Amino acid sequence: MQRLHAPVLLSGNDAVALAVKQSDVDVVAAYPITPQTTIVEKLSKYVADGELRARFISVESEHSALSACVGAAAAGARCFTATSSQGLALMHEVMYIAAGMRVPVVMAVANRTLSAPINIHCDHSDIMGSRDSGWVQIFCENVQEAYSRVIQAFRLAEDSRVQLPVAVNLDGFTLSHCYEAVQPLEDEDVRGYLPRRRRVVLDYESPVTMGGLSLPNTYFEIKLEQARALESSKHVFREVVKAYPGEKDGLDVVDVYNPGASVKAVCLGSTAGTLRHVAKTYGFDVGVVNVKLFRPFPREEVLAALSEAGLVAVFDRALSPGAAANPLTSDVKALLYDAGLRKPVWTVVYGLGGRDLTTAVVRKLLEELVEAAYAGRQEARTVYLREVAAW
Amino acid sequence: MVKPVQRLDELVDTEALSPGHSACAGCGAMIAVRQILMAAPHPLIVVNATGCVEVVSTQIPHTAWNIPYIHVAFENAAAVASGVEAALDVLEAKGLGRRHHILVLAGDGGTADIGLQALSGAFERGHRFVYVCYDNEAYMNTGIQRSSLTPLGAWSRTTPAGKLEEKKDLVAIATAHRIPYAATATIFFWKDLVNKVRKAFTFDGPSFIHVYAPCNRGWYFNPAETVRLSKLAVETRYFPLYEVERGVYRINYFVATPKPLEMFLKPQGRFQHLLKPENSHLMEALKQSVDRRWEELVVLSQRGKQAYAAMQG
Ligand SMILES: Cc1ncc(C[n+]2csc(CCOP(=O)(O)OP(=O)(O)O)c2C)c(N)n1
Ligand code: SF4
Ligand SMILES: [Mg+2]
């Protein structure tokens, strides 16, 4: 029988900090950057107040934050860091190393765009820059999900079949600073859900060499094995969600709204809520495919959601300048091509540098999409949703 | 206070680093590492920055390390060590692990250049570890490019006409963080080196040892001369042996009458152009910098003596 707290009003960042505290982490190493900062401020307070038995390392940079986490995880600690934007870019080098060394670090990314020009607001440029780093990458739709995903992330990262770092993405400000009612778990339930598992660590009694040099005769196999571990983490992700002692509705690898619709909008993060809301409120027959697990990309599930669609619109909140397609669109198109499905795919670029995605803008776009589908138009289009909401 | 080691048989007789690694014959850095490992207390974890020592000792699927070892990247060894230290501290308190001694090994590039920020951060936070910079005075792993610890006048592949800038004062930088202990050492003076290592591990905070490590490959000298060059570096006052304990300087090997600097420079290919008459101005600049550094040290150590006397009442 679950004994749940009454719901509490929390910002996304507060919810993440609470989840980290309940996960009984041993080490937090972090550096401030908007919009992530309040996560680690809160965590440092938990440690100072004795509510969390951990060492809080106030490092001098994000590069050192992730480096310290790699060291701490190698020594056997459960550890956490959080960052955004420039901080994530500065960690870039160590992100690949963390995945290659198979350390189960969990990181929250309050997504923010990248300079220049400097801008503190949300888009997904930061994480897309580290898309291929080998981390498990999860996107959250709301504050409750950010809370649950952080706890799940520890179980997933530490599973012996996975042993990979996990990034939990929450849209900067839209989620990080937005207050919602959150239903937290009881502390004991979290502890029961996150038992300490044995793994190879730095220990004098059984010495290991970590981070050795690999030449062309070994590198290929090591990286393939790592890629396979990431690939198969999708199944472990499902088990982890299934075992979660709280609400698990809508927490599968992909969440599909209105699966029968001929027009499908594919997106990441909080945007799914906006799209569903507009579709419902104005009665558009549009399905919303919310990709929760971005890496490993849930190919079968996304394909199943799109196979019957007449028109697909992929919402990309990051540019991939000069590429054949923007990041999410590129994944979706590759998927459809491999399945031999030829259908019109629009790429909808929106929200760069924090530009709001208003219901009015979405409404106009959904109208166009439905019209195009009705008319059977086959051309692919790139749409930039640039309307500026009144400030 | 640990009792100083006087004889070789007082050192650990197990080798934490196996023979058969792939360093060049006569590698000063590996001799230093071996001496350090014989002196360091156990249980011990080694954190290593990218560079020669890492590359020659960890080639998958082999390893030369008989003790736990981690390498992460070039510029972050001090940050990695911070994480290891914090982790084991908490895990011990929670009954989930135990604290180890931590030894960081990084080259002059990994310490004085790209790793200086991480090192400064770790010093300021006061993590308990011993950080050893093995100084071969260039980026050897990438083929002999200059670092900020390459001496004035020396040839390297990125100072083809000789370096025009002076060597950074690394111990002064470390000491400016008010860490409890910083020292210099080199391999010929093995007793001095091992006793400094033993002492460094007694402090409840970061300690720093700057170890001079001749590299025949990068300096162009006969590999049989490695240890002799480390001796000449000290005897010419080029690399003085001293320590700074809680801010108090002490010269450990007072060079009353220095040998001519040329004795140290001549056997090394990287200084050949300095010995030519047309470059006498560079030679002069190097000599002046060596003299000035020694005089500064003498002043600092005299102040240290007074401070020490005052401390004793
Ligand atoms: C961020 C980064 N930049 C550059 C390099 C390339 N690199 C590897 S080792 C090295 C030089 C190491 O020099 P030092 O620290 O003096 O150690 P040594 O090789 O001399 O032992 C360089 C430049 C790297 N690995 N990482
Ligand atoms: S290049 Fe120099 S430092 Fe590197 S292994 Fe050879 S002798 Fe040692
Ligand atoms: Mg070097």
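Rules of the game
- Residues numbered from 1 in each chain as written.
- Chains lettered and ligands numbered in written order.
- Predicted model: local features only at pLDDT ≥ 70, side-chain atom pairs only at ≥ 80, totals over all residues.
- Heavy atoms only, no water.
- Helix = DSSP H or I, 4+ residues; strand = E, 2+ residues; numbered from the N terminus.
- Buried < 20%, exposed > 50% of the residue type's maximum accessible area, 1.4 Å probe, protein only.
- Contact = heavy atoms within 4.5 Å.
- Salt bridge = Lys/Arg side-chain N within 4 Å of Asp/Glu carboxyl O.
- Buried area = accessible area lost by both parts, 1.4 Å probe.
- Nonpolar A, V, L, I, M, F, W, Y, C, P; charged D, E, K, R; others polar.
- Pairing = 2+ DSSP bridges.
- Donors = N, O, S within 2.8 Å, 3.2 Å for Na, K, Ca; no water.
- Axes fitted to C-alpha atoms, helices over the stretch in contact; angles between N-to-C directions.
- Near = heavy atom within 4 Å.
- Domains from an automatic or database assignment.
- Polar contact = N/O pair within 3.5 Å; in protein donor to acceptor, adjacent residues only side chain to side chain.

Re the overall build of chain A
Here is step 1: A count of helical and extended segments in chain A gives twelve helices and 16 strands.
Here is step 2: Seen through its C-alpha atoms, chain A measures out along the principal axes to roughly 70 × 55 × 50 Å.
Here is step 3: By the burial criterion, 57% of the 391 residues in chain A qualify as buried.
Here is step 4: Taking contacts inside chain A between residues at least 6 apart in sequence as the whole, the part at least 24 apart equals 80%.

Here we look at the pattern of salt bridges
Here is step 1: Under the definition given, this model contains 50 salt bridges over all chains.
Here is step 2: Arg161(A) is the salt-bridge partner of Asp159(A), the closest N and O atoms lying 2.9 Å from each other.
Here is step 3: Asp159(A) sits in the buried class, given a relative accessible area of 10%.
Here is step 4: In this structure Arg161(A) comes out as partly exposed when scored by relative accessible area, which is 42%.
Here is step 5: Across the salt bridge formed by Arg228(B) and Glu225(B), the nearest N and O atoms sit 2.5 Å from each other.
Here is step 6: Residue classification places Arg228(B) among the partly exposed residues on the basis of a relative accessible area of 41%.
Here is step 7: Here the salt bridges do not stand alone but share partners, grouping Glu141(A), Glu145(A), Arg149(A), Asp255(A), Arg276(A) and Lys292(A) into one network.

Concerning the interface of chain A and chain B
Here is step 1: Counting residues at the interface gives 43 residues for chain A and 43 residues for chain B.
Here is step 2: Here chain A packs against chain B, burying approximately 3200 Å² in sum over the two surfaces, 62% of which is carbon and sulfur.
Here is step 3: The largest per-residue losses of area from chain A upon contact with chain B belong to Arg55(A), Tyr204(A) and Leu213(A), which jointly make up 22% of the total buried on that side.
Here is step 4: Summed over the shared surface of chain A and chain B, the result is six salt bridges.
Here is step 5: Breaking the side of chain A that touches chain B down by element, the ones donating at least two residues are β3 (55–58), α3 (62–74), α4 (85–100) and β9 (209–210) of chain A.
Here is step 6: The residue inventory of the side of chain A that touches chain B, partitioned by class, reads 22 nonpolar, twelve polar and nine charged.
Here is step 7: As paired elements, β9(A) and strand β2 (residues 69–71) of chain B share two bridges and run parallel to each other. In the sheet register, Met210(A) faces β2(B), and the bridge partner there is Ile70(B).

Side note on the coordination of the magnesium ion (ligand 3)
Here is step 1: Looking at the magnesium ion (ligand 3), the protein donor atoms are Asp108(B) (OD), Asn136(B) (OD1) and Ala138(B) (O), and they sit 2.0 to 2.1 Å from it.
Here is step 2: Note on Ala138(B): relative accessible area 4%, which makes it buried.

As for the sheet that holds strand β4 (residues 130–135) of chain B
Here is step 1: Pairing within the open sheet is mixed, and its nine strands lie in the order β9(A)-β2(B)-β1(B)-β3(B)-β4(B)-β6(B)-β5(B)-β7(B)-β8(B). Since the sheet does not close on itself, it has two edges, and those belong to β9 of chain A together with β8 (248–251) of chain B, each with one partner.
Here is step 2: Sheet topology note: the strand β5 (residues 181–186) of chain B/strand β6 (residues 207–212) of chain B ladder contains six bridges and is parallel. Note on β6(B): the bridge partner recorded for Thr184(B) is His210(B).
Here is step 3: Packing against the sheet, helix α3 (residues 77–93) of chain B makes contact with β1 (44–48), β2, β3 (101–107) and β4 of chain B, and its axis sits at approximately 155° to β1(B).
Here is step 4: Here helix α7 (residues 190–200) of chain B sits on the sheet and contacts β4, β5, β6, β7 (242–245) and β8 of chain B; the angle it forms with β5(B), its principal contact strand, is near 155°.

Quick word on the site of ligand 2
Here is step 1: Neighbouring ligand 2 are Ala23(B), Cys24(B), Cys27(B), Cys52(B), Asn136(B), Cys215(B) and Arg217(B).
Here is step 2: For the shell around ligand 2, the per-class residue count stands at five nonpolar, one polar and one charged.

So, the domain arrangement of chain A
Residues and elements named next belong to chain A.
Here is step 1: Assigned domains within chain A: domain 1 (8–243) and domain 2 (254–384).
Here is step 2: At the interface, 27 residues of domain 1 touch 26 residues of domain 2.
Here is step 3: Between domain 1 and domain 2 we count seven salt bridges in total.
Here is step 4: Here Arg-276 makes a salt bridge to Glu-141, at a shortest N to O gap of 2.5 Å.
Here is step 5: Summed over the shared surface of domain 1 and domain 2, the result is 16 residue pairs in polar contact (both at pLDDT 80 or more).
Here is step 6: Taken together, the elements giving at least two residues each to the side of domain 1 that touches domain 2 come down to α5 (125–129), β6 (136–139), α6 (143–158) and α8 (219–243).
Here is step 7: Looking at the side of domain 1 that touches domain 2 residue by residue, the class counts come to ten nonpolar, eight polar and nine charged.

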